[in-house]
Amino acid sequence: MALSETVPLSIFNFTPWVIFFPLIGLLFNLIFGNRIGEKAAGWIASVATALSFALAVALLLALRGQEEAIRLKLADWISVGTFDVNWIFRVDTLSTVMMLVVTGVGTLIHIYAVQYMYDDVRHNHDVGRYRRFFVYFNLFIIAMLLLVTADNYLMLFVGWEGVGLCSYLLIGFWFEKGADGIANAQAGKKAFIVNRVGDFGLLIAMFLLFGAFGTLQFDQVFEQASGASVGLLLAVTLFMLLGVAGKSAQLPLYVWLPDAMAGPTPVSALIHAATMVTAGVYLVVRSSALFTLAPAASSVVMWVGAITAIFAATIAVAQYDIKRVLAYSTISQLGFMVAAAGMGAYVAAIFHLATHAFFKALLFLSSGSVIQGMERGAHPKGRSHNNEHDMEVDPQDMRNMGGLDRRMRVTFWVYLIGALAISGIAPLSGFFSKDEILGAASTRSLPVFIILIVAAFLTAFYMGRQIFLVFSGKPRSSLAEHATESSPVMTVPLVILAVLSVAGGLLNLPGVHTLGSWLEHSVAAGLEVEFSFTIALISLAVALAGLVLAWVLYGRVSLGRNAFTDPLAGMLGWFFKAMNRKWWVDELYHAIIVRPYNYISNVLLGEWFDQEVIDGAVNDVGGLARALSGFARRFQTGYIRTYALGILLGAVAIVFYIILR
């Protein structure tokens, strides 16, 4: 192992253990999981992730005052000609922030999942999958940590592909369930395939970098980039953007993320809060030296993020599935982060990435608490009648909820905190991080600023709508009437995340800029964002206006229990239907991509080419062999005199050939 000689070697020698801890947890559960009991397997996985978090904290403390990145070589990897790539861990201010987010929030999600999955596997009558779930969970953490601690693009790509594989395994965890028994499996495949499109872009970018610079190591690439042609940098950064669009669910590759709700709720929290979807944002910030030299590409990144933010927000406004609202909210908030990175406000992008991890993990886990509370309402103690009808009620449909603020008080209060944080209400964390992005947009591009302000208004509106539909009023189903609060194993992580959602703004308070000062050694100098009272008041007023409108439409009216009518649907009519149907993007993709692909593969290739061309060629070869054998069979008479005559004629022919020659 080799370290930078400017710092003590002690704590940094243990850097690989940030990955080894969850790897040990994975292997232990894989080998001994069946012998130690179900919940024990969950706690083993949780402790392993917690140890990684503790080590990440120690690395952060040890890194204070260091301006240079610490590079720790673990092993040789690939050495072919001039191509030399090794397993080297990079510890710098950016990687430590990402390690803390991934392991910190990931640990809370693991703990929550101990009880959630215990109930879920029993609800689905398949307790054997409990251990498998936590094996996948630890593998997900390993892949994400490999991504954020990589010192070169190829090592980063291994982690990048790892989280893609784990998302496929976890989204389709209940692969035999869903509509027609295949919906969950299809959702996993959709995520996997769409992400491969983005991965193609990142691969091409890596090929271009190596072809131009002869290396994929970050520092060496960034040092040589200043002398590269503008065309090369533009191509590299735009191909990277394709990878970002796939992994961080930006237009036009966002379509996999809403279907990812097929996975268990802890999966939704882990993928959409702290790990996979933030990888694209991290890639742009890590490659900030390249994007700074390609302003045209940065502008494209900015516009892709801004349009995605408002587009996804409009869809979230009209959804009824509690998790799908949060899924489109994730796409929208990722749009804010990508737009910030495109503006050059790299610190603002990472700031919002961190605070979003707090309140979005809180919201997803709280939604899981609501869903299981509703499911428990189908079988409350002392009540057995009407259960068959109850089981037909969708526990994720907000039209079946209502009145849960009295049945699930802890979940209600933490959900409210998360909703206010993501809406940008002061002084919660989302106010400060989103305000930095809006401040950057106000100086960078007025149209983008207006788009993001409208997206912020819609964010507050759909979160207010969700709060009022889920928790206020009277119960609109018997499940809601008998819902019960979740156990402390689930609610304690929610409370901790609620505290982080409240205090997360302290990471980069205006005037202090703690996070900005911390990241300045790892991120290229970008757009400096100063606090503006005007922008802060505008963003706060917009958020309050969205919440007030949600209260007017959903909070102060009594929504019918048996005949639910959405007041927004009546006001907007066709637009509400379009938003509810997700602007028919999935149908469009099905028409121009999926259906032609199926036709080409099934009809043209499967039926015509395979049967007529391939099978025809094979059959023709067989026919030719039969024809030749039939012709040769005429000479097999069985008479010795015929064969002797043949030999004689052959000998005469040979003699004549020799004479003539």
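Below or above, wherever it landed, is the structure these notes cover. (Residues numbered from 1 in each chain as written. Predicted model: local features only at pLDDT ≥ 70, side-chain atom pairs only at ≥ 80, totals over all residues. Heavy atoms only, no water.)

**So, the overall build of the protein chain**
Thinking step 1. Looking only at helices and strands, the protein chain features 28 helices and two strands.
Thinking step 2. For the protein chain, the spread of C-alpha atoms along the principal axes amounts to about 110 × 70 × 55 Å.
Thinking step 3. A burial count over the protein chain gives 53% of its 661 residues as buried.
Thinking step 4. In the protein chain, the proportion of contacts linking residues at least 24 apart, taken out of those at least 6 apart, comes to 81%. (Helix = DSSP H or I, 4+ residues; strand = E, 2+ residues; numbered from the N terminus. Buried < 20%, exposed > 50% of the residue type's maximum accessible area, 1.4 Å probe, protein only. Contact = heavy atoms within 4.5 Å.)

**Section: the layout of surface pockets**
Thinking step 1. By volume, the largest pocket amounts to about 1600 Å³.
Thinking step 2. Lining the largest pocket are 48 residues, with Ala183, Asn184, Ala187, Asp259 and Ala262 positioned closest to its centre.
Thinking step 3. Where the lining of the largest pocket is concerned, the elements lending two or more residues are helix 3 (93-123), helix 6 (183-213), helix 14 (322-343), helix 15 (346-376) and helix 27 (585-633).
Thinking step 4. Of the residues assigned to the lining of the largest pocket, the class counts are 23 nonpolar, twelve polar and 13 charged. (1 Å grid on protein atoms, 1.4 Å probe; cavity = no way out; pocket = protein on both sides within 12 Å on 5 of 7 lines; lining within 4 Å. Points joined across faces, edges and corners; volume = space filled by probe spheres on them. Nonpolar A, V, L, I, M, F, W, Y, C, P; charged D, E, K, R; others polar.)

**Focus: empty space enclosed by the protein**
Over the atoms a probe the size of a water molecule is rolled, and this reveals where empty space is left.
Thinking step 1. The tally for this structure, following the rule as stated, stands at two cavities of 30 Å³ or more.
Thinking step 2. There is about 90 Å³ of room inside the largest cavity.
Thinking step 3. Considering the residues around the largest cavity, the lining is formed by Phe432, Asp435, Glu436, Gly439, Asn508, Pro510, His513, Val529, Glu530, Phe531, Ser532 and Ile535.
Thinking step 4. In terms of residue count, the dominant contributor to the lining of the largest cavity is helix 19 (residues 429-444) (four residues).
Thinking step 5. Of the residues assigned to the lining of the largest cavity, the class counts are five nonpolar, four polar and three charged.
Thinking step 6. If you add up the space inside the second largest cavity, you get close to 50 Å³.
Thinking step 7. Around the second largest cavity, the lining residues are Ser423, Gly424, Gly430, Phe431, Lys434, Asp435, Leu438, Ala456, Ser539 and Ala543.
Thinking step 8. Contributions of two or more residues to the lining of the second largest cavity are made by helix 19 and helix 24 (533-555).
Thinking step 9. Here the lining of the second largest cavity gets five residues from one element, more than from any other, and that element is helix 19.

**Considerations on the packing of helix 14 against helix 20 (residues 446-471)**
Thinking step 1. Where helix 14 contacts helix 20, the two axes come as close as 11 Å, and the packing angle between them is 160°. Between helix 14 and helix 20, the interaxial angle falls into the category roughly antiparallel. Read as a crossing pair, helix 14 and helix 20 show a hand that is left-handed. Only Val448, Leu452, Ala455, Ala456, Thr459, Tyr462, Met463, Gln466 and Val470 of helix 20 make contact with helix 14, whose side of the interface consists of Ile322, Val325, Leu326, Ser329, Ser332, Gln333, Phe336 and Met343.
Thinking step 2. When its residues are assigned to classes, the contact of helix 14 with helix 20 shows twelve nonpolar, five polar and no charged. (Axes fitted to C-alpha atoms, helices over the stretch in contact; angles between N-to-C directions. Parallel < 35°, antiparallel > 145°, perpendicular 65-115°, else oblique. Left-handed = near helix turned anticlockwise from the far one by under 90°.)

**Considering the environment of Leu404**
Thinking step 1. When you line up the elements, Leu404 lands in helix 17 (residues 404-407).
Thinking step 2. Once residues within four sequence positions are removed from consideration, Leu404 is found in contact with Val370, Met374, Val470, Phe471, Ala480 and Ala483.

**What to know about the pairing of strand 1 (residues 70-80)**
Thinking step 1. Bridge count for strand 1 against strand 2 (residues 83-91) is nine bridges, and the pairing is antiparallel. Bridge pairing links Arg71 to Arg90 in strand 2.
Thinking step 2. In textbook terms, the turn of a hairpin is the stretch between consecutive antiparallel strands, and for strand 1 and strand 2 this stretch comprises two residues, one of which, Gly81, has a positive phi near 60°. (Pairing = 2+ DSSP bridges.)

**Considerations on the pattern of salt bridges**
Thinking step 1. Overall, the coordinates contain 19 salt bridges when judged by the stated rule.
Thinking step 2. As a salt-bridge pair, Arg122 and Glu38 come within 2.8 Å of each other at their nearest N and O atoms. Note that Arg122 is positioned in helix 3 and Glu38 in helix 2 (residues 38-63), a separation of 84 residues in sequence.
Thinking step 3. When its relative accessible area of 35% is taken as the criterion, Arg122 is described as partly exposed.
Thinking step 4. Look at Glu38 and you get partly exposed, because its relative accessible area is 22%. (Salt bridge = Lys/Arg side-chain N within 4 Å of Asp/Glu carboxyl O.)

**Brief notes about the packing of aromatic side chains**
Thinking step 1. Summed over all chains, the structure comprises 29 aromatic pairs.
Thinking step 2. Between Trp17 and Phe20, the ring centres sit 5.5 Å apart and the planes meet at 85°, which makes this aromatic pair edge-to-face. Here Trp17 and its partner Phe20 are both found in helix 1 (residues 17-32), three residues apart, which amounts to about one turn of the helix.
Thinking step 3. Relative accessible area serves as the criterion here: at 34%, Trp17 is assigned to the partly exposed category.
Thinking step 4. Of the residues examined, Phe20 reaches a relative accessible area of 26% and is grouped as partly exposed.
Thinking step 5. Centre to centre, the rings of Phe83 and Phe210 are 4.9 Å apart; their planes meet at 85°, and the pair counts as edge-to-face. Taken together, the residues span a long stretch of sequence, with Phe83 in strand 2 and Phe210 in helix 6 at a distance of 127 residues.
Thinking step 6. Judged by relative accessible area, which is 19%, Phe83 ranks as buried. (Phe/Tyr/Trp six-rings, centres within 6.5 Å; stacked < 30°, edge-to-face > 60°.)

**Re the packing of helix 18 (residues 409-423) against helix 20**
A pair of packed helices can be characterised by two numbers: the angle between their axes and the separation between those axes.
Thinking step 1. Contact geometry for helix 18 and helix 20: axes closest at 8 Å, N-to-C directions at 165°. Classified by the angle between their axes, helix 18 and helix 20 sit roughly antiparallel to one another. Crossing of helix 18 over helix 20 shows left-handed handedness. In this structure, helix 18 contributes Thr411, Phe412, Tyr415, Leu416, Ala419, Ile422 and Ser423 to the contact, and helix 20 contributes Thr459, Ala460, Met463, Gln466, Ile467 and Phe471.
Thinking step 2. Of the residues assigned to the contact of helix 18 with helix 20, the class counts are nine nonpolar, four polar and no charged.

**Overview of the side chain of Asn152**
Thinking step 1. Among the structural elements, Asn152 can be located in the loop between helix 4 (129-149) and helix 5 (153-171).
Thinking step 2. We classify Asn152 as buried; its relative accessible area is 4%.
Thinking step 3. Within the structure, the side chain of Asn152 is placed 3.2 Å from the backbone oxygen of Asn86, a separation counted as a polar contact.
Thinking step 4. At a separation of 3.2 Å, a polar atom in the side chain of Asn152 contacts the main-chain amide nitrogen of Leu154.
Thinking step 5. In this structure, Asn152 is in contact with Val85, Asn86, Leu216, Gln217 and Phe218, ignoring residues within four places of it in sequence. (Polar contact = N/O pair within 3.5 Å; in protein donor to acceptor, adjacent residues only side chain to side chain.)

**Points about unusual backbone geometry**
Thinking step 1. With omega at 0°, the peptide bond leading from Leu251 into Pro252 counts as cis.
Thinking step 2. With respect to the helices, strands and loops of the structure, Pro252 is situated in the loop between helix 8 (230-247) and helix 9 (256-259).
Thinking step 3. Residue Ala426 is joined to Pro427 through a cis peptide bond whose omega torsion reads 0°.
Thinking step 4. When you line up the elements, Pro427 lands in the loop between helix 18 and helix 19.
Thinking step 5. Positioned with a positive phi, His513 is a non-glycine residue whose angle comes to about 55°.
Thinking step 6. The phi torsion at Trp584 lies on the positive side, around 60°, for a residue other than glycine.

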